[in-house]
Amino acid sequence: MKNPAFIFRYLNLWFFSISILVSCNSNKINPPDPYPPLPSAAQLQWHKMEYYGFLHFGLNTFTGQEWGYGDISPEEFNPTDFNADQIVGTASAAGMKGLILTCKHHDGFCLWPSKFTDYSVKSSPWKDGKGDVVKEISEACTKYGLKFGVYLSPWDRNHPDYGKPEYIEYYRNQLRELLSNYGPVFEVWFDGANGGNGWYGGADEERKIDRSTYYDWENTWKIVRELQPDAVIFSDVGPDVRWVGNENGIAGDPCWATYTPVTTDSSNPTPGNVKYQLGQNGTRNGEFWMPAECDVSIRPGWFYHEDQDSLVKLPKYLLDLYFKSVGRGASLLLNIPPDKRGRITKADSSNLIEFKLLRDQVFKTNLAQKAKLTASNVRGELDEFSPLNLVIDDPEKYWSTDDIIHEPELLLEFENMVVFNVISLQEYLPLGQRIDRWAFDIWENDQWIQIAEETSIGNKRLWKGKPQTTNKVRLRVIESPVSPAISKIGLFLEKP
Ligand code: FUL
């Protein structure tokens, strides 16, 4: 019989070698370490939506105002032919993934029969005071497969207690009502306009509030977390989605998904109290994952006004906005206000559908799918991180490199010449926003010609230029603090 000490040593050595092998191997197959800050599960779901609609509807629709003072009688609210199916069906046909409804705008009028005020649809002649716009729109969203979101204006120019602590109680009660009774909500929209003159139950005066403390946002937002944990919270300062800092539908370039909100003084950044212009670009390596949303109206006003029927944004213009919002890693929140009937007008719906057809035309054929894809480096030389992942229909797959390779190249070779003028790139967001800068070359007259050099990618980067004819293109990551993780590449041709 062998010496037990020898057997023990032998076994030890054996285990040691196996563990080295396993650890080498697992080093290789591990995905890259995430590069924080990182998106939450709710933010990742929201990123996928990219394009959704806004519905501004209420007393202003009937009075021609944009910011009602809070003194208009609920009797004025009387849509003659309200049709939630027509509104939501139009948004659905336009390719929108959700709708956010102004359940209460600054005038304080509620589109649902709130238990906490009479200043609502229940005091209107519409459906003899038995109607509920929030219910009808949210149910139609479920029917058409759209997500539903709510806008509850923090500023209320009707409420007698606005400016006092009692109003916060009222506001939170309303928030609870909306988040409890109308099914799943994907986004809760908190506006930054608050405080100023108003009716305030007849006081008819100016009421200023301390924007950094009055709403005690931390605790108000807790209600959203509690009642709708899958929803994202939008405001000038997120915490999940930030205002892009303008109402033109255009993100900055670059537009980082990360952001550190700051104020001009030492106060706490809150909605209405932040250097909002910084939201356009965000903050590279900022403190929070807080991507931008670009809100814009299809018309000059947020509410429907008949005299703006000839000023509806044109399909080509909307496509341009799409490139400058979604194409810069942000989302596009396009307002389509129902008219006095309670329907989307013809002018708006035909431009929306035309805009959808334009997008379909551009993104129908991804030429990159015809290419042979090779990369200067593939993480661990494993299929799991292969560049082939860039053209398959699986959002969980991506191309990545070994940890020490930060600036790799990707080659796309075609059997025949291709013509494209749009490049689309997407990063694999669960691992953070990793890439700082990239360039794109085409092969022409036996040499590489650079056609693009850009910065942020994030959820999506769309580049558009002149039509390029070639049989070989190259993506170069030229600045990145870590190994990149890219999930999609697209080459498209937008026809003139
Ligand atoms: C702004 C509001 O004051 C406008 O009326 C509109 O609702 C827009 C979306 O947000 O801050």
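Go over the site of the ligand with me, naming the residues and quoting the values.
Near the ligand you find Phe54, His56, Trp67, His105, His106, Tyr151, Trp189, Asp191, Ala193, Glu247, Asp295 and Trp302, and these make up its full shell. One nitrogen or oxygen atom from the side chain of Asp191 is found 2.7 Å from an oxygen atom belonging to the ligand. When isolated, the ligand has an accessible area of 300 Å², and the protein chains bury 91% of it. A class-by-class count of the residues in the shell around the ligand yields six nonpolar, three polar and three charged.

Before we move on, could you go through the packing of helix α4 (residues 84-93) against helix α5 (residues 133-144) and cite the residues and values that matter?
At a minimum axis distance of 9 Å, the contact between α4 and α5 shows a crossing angle of 45°. Taken together, the axis directions place α4 and α5 in an arrangement best described as oblique. Like other packed secondary-structure pairs, α4 and α5 cross with a definite hand, here right-handed. Contacts between α4 and α5 involve Ala84, Asp85, Ile87, Val88, Gly89 and Ser92 on the former and, on the latter, Glu136, Ile137, Ala140, Cys141, Lys143 and Tyr144. Of the residues assigned to the contact of α4 with α5, the class counts are seven nonpolar, two polar and three charged.

How would you sum up the confidence of the model for the protein chain? Please name residues and give values.
The predicted coordinates of low-pLDDT regions are not to be read in fine detail. Scored by pLDDT, the protein chain has a mean of 95; 94% of the residues are at 70 or more. Below a pLDDT of 50 lies the segment residues 1-26, which in the model reaches one contact outside its immediate sequence neighbourhood of four places, other chains included.

Can you explain the pairing of strand β16 (residues 437-444)? Please cite residues and give values.
Relative to strand β18 (residues 461-479), β16 runs antiparallel, the two being bridged by six bridges. Bridging across to β18, Phe440 finds its partner in Leu475. Hairpin connection of β16 to strand β17 (residues 447-454): two residues between the antiparallel strands, including Asn445 at a positive phi of 45°.

How would you sum up the environment of Ser349? Please name residues and give values.
By secondary structure assignment, the location of Ser349 is in helix α9 (residues 346-363). Its relative accessible area of 13% is what places Ser349 among the buried residues. The spacing of Ser349 and Gln86 is 263 residues in sequence and 10 Å in space, taken between C-alpha atoms. When near neighbours in sequence (up to four residues on either side) are disregarded, Ser349 contacts Thr90 and Ile344.

Lay out the domain arrangement of the protein chain in plain terms, naming residues and giving numbers.
Each domain of the protein chain was delimited in the assignment, giving domain 1 (41-363) and domain 2 (367-492). The C-alpha centroid of domain 2 is placed 36 Å from the C-alpha centroid of domain 1. With 19 residues of domain 1 at the contact, the number on the domain 2 side is 19 residues. Here domain 1 packs against domain 2, burying approximately 1,700 Å² in sum over the two surfaces, 56% of which is carbon and sulfur. Linking domain 1 with domain 2 are three salt bridges.

Can you break down the packing of aromatic side chains residue by residue, with the values?
Within this structure, the stated rule accounts for 37 aromatic pairs. With centroids separated by 5.5 Å and ring planes inclined at 75°, the aromatic side chains of Tyr51 and Phe355 adopt a geometry described as edge-to-face. One end of the pair, Tyr51, is in strand β1 (residues 51-55); the other, Phe355, is in helix α9, with 304 residues separating them in the sequence. The exposure class of Tyr51 is buried, given its relative accessible area of 3%. Seen in terms of ring centroids, Phe385 and Tyr398 are 5.8 Å apart; in terms of plane orientation they differ by 50°. Their pairing is tilted. In this pair, Phe385 sits in the loop between β13 (372-375) and β14 (399-400) while Tyr398 sits in the loop between β13 and β14, placing the two residues 13 residues apart along the sequence. As far as burial versus exposure is concerned, Phe385 and Tyr398 are alike and both buried. A network of ring pairs unites the aromatic residues Tyr162, Tyr167, Tyr170, Tyr171, Phe190, Tyr200, Tyr214, Tyr215, Trp217 and Trp221 as a single cluster. A cation over an aromatic ring shows up here: Lys472 above the ring of Trp443, its NZ or CZ 4.2 Å from the ring centre.

A description of the nonpolar core should follow, citing residues and the corresponding values.
Counting residues in hydrophobic clusters, the biggest one holds 80 residues, and the most contacted among them are Phe77, Val133 and Ile137. Looking at this core, the element that brings in the most residues is helix α6 (residues 165-181), giving seven residues. The two domains that each donate at least three residues to this core are domain 1 (41-363) and domain 2 (367-492). In terms of nonpolar packing, the next biggest core, distinct from the first, is built from 33 residues, Leu390, Leu412, Phe414 and Ile489 among them.

Go over the layout of surface pockets with me, naming the residues and quoting the values.
Over the atoms rolls a probe the size of a water molecule, and in doing so it shows where empty space is left. In this structure, the largest pocket spans a volume of roughly 990 Å³. Lining the largest pocket are 36 residues, and of these Lys48, Glu50, Gln426, Lys460 and Lys488 lie nearest its centre. Contributing elements (two or more residues each) for the lining of the largest pocket: α2 (41-49), α9, β15 (409-427) and β19 (485-492). When its residues are assigned to classes, the lining of the largest pocket shows 14 nonpolar, 10 polar and 12 charged. Mapped onto the domain boundaries, the lining of the largest pocket takes at least three residues apiece from domain 1 (41-363) and domain 2 (367-492).

I'd like to hear about the pattern of salt bridges, residue by residue, with values.
In this structure the tally under the stated criterion is 29 salt bridges. Between Asp85 and Lys143 there is a salt bridge, with the nearest N and O atoms lying 2.5 Å from each other. Residue Asp85 is found in helix α4, and its partner Lys143 is found in helix α5; the two are separated by 58 residues along the sequence. Residue classification places Lys143 among the exposed positions, given a relative accessible area of 56%. Between Glu139 and Lys135 there is a salt bridge whose closest N-O contact spans 3.3 Å. In this pair, Glu139 and Lys135 both sit in helix α5, four residues apart, roughly one turn of the helix. Salt bridges here are not isolated pairs; linked through shared partners, they connect Glu409, Asp441, Arg474 and Arg476.

Just give me the short version of the sheet that holds strand β8 (residues 241-243), but keep the residues and values in it.
Strand order in the closed barrel made by the eight strands is β1-β2-β3-β4-β7-β8-β11-β12, with parallel pairing throughout. In this sheet, adjacent strand axes meet at a mean angle of 25° when their direction is disregarded. Of the strand pairs in this sheet, strand β2 (residues 98-104) and strand β3 (residues 147-152) are connected by six bridges, and their pairing is parallel. Across the sheet, Lys104 pairs through a bridge with Leu152, a residue of β3. The sheet contacts of helix α8 (residues 315-325) involve β11 (292-297) and β12 (331-335), and relative to β12 the element is tilted by about 145°.

The rules we used
- Residues numbered from 1 in each chain as written.
- Predicted model: local features only at pLDDT ≥ 70, side-chain atom pairs only at ≥ 80, totals over all residues.
- Heavy atoms only, no water.
- Near = heavy atom within 4 Å.
- Polar contact = N/O pair within 3.5 Å; in protein donor to acceptor, adjacent residues only side chain to side chain.
- Areas by Shrake-Rupley, 256 points an atom, 1.4 Å probe, with all protein chains shown as cover.
- Nonpolar A, V, L, I, M, F, W, Y, C, P; charged D, E, K, R; others polar.
- Axes fitted to C-alpha atoms, helices over the stretch in contact; angles between N-to-C directions.
- Helix = DSSP H or I, 4+ residues; strand = E, 2+ residues; numbered from the N terminus.
- Parallel < 35°, antiparallel > 145°, perpendicular 65-115°, else oblique.
- Left-handed = near helix turned anticlockwise from the far one by under 90°.
- Contact = heavy atoms within 4.5 Å.
- pLDDT = per-residue confidence, 0-100.
- Pairing = 2+ DSSP bridges.
- Buried < 20%, exposed > 50% of the residue type's maximum accessible area, 1.4 Å probe, protein only.
- Domains from an automatic or database assignment.
- Buried area = accessible area lost by both parts, 1.4 Å probe.
- Salt bridge = Lys/Arg side-chain N within 4 Å of Asp/Glu carboxyl O.
- Phe/Tyr/Trp six-rings, centres within 6.5 Å; stacked < 30°, edge-to-face > 60°.
- Lys NZ or Arg CZ within 6 Å of the ring centre and 35° of its normal.
- Core = buried A, V, L, I, M, F, W, Y, C linked by side-chain atoms within 4.5 Å.
- 1 Å grid on protein atoms, 1.4 Å probe; cavity = no way out; pocket = protein on both sides within 12 Å on 5 of 7 lines; lining within 4 Å.
- Points joined across faces, edges and corners; volume = space filled by probe spheres on them.

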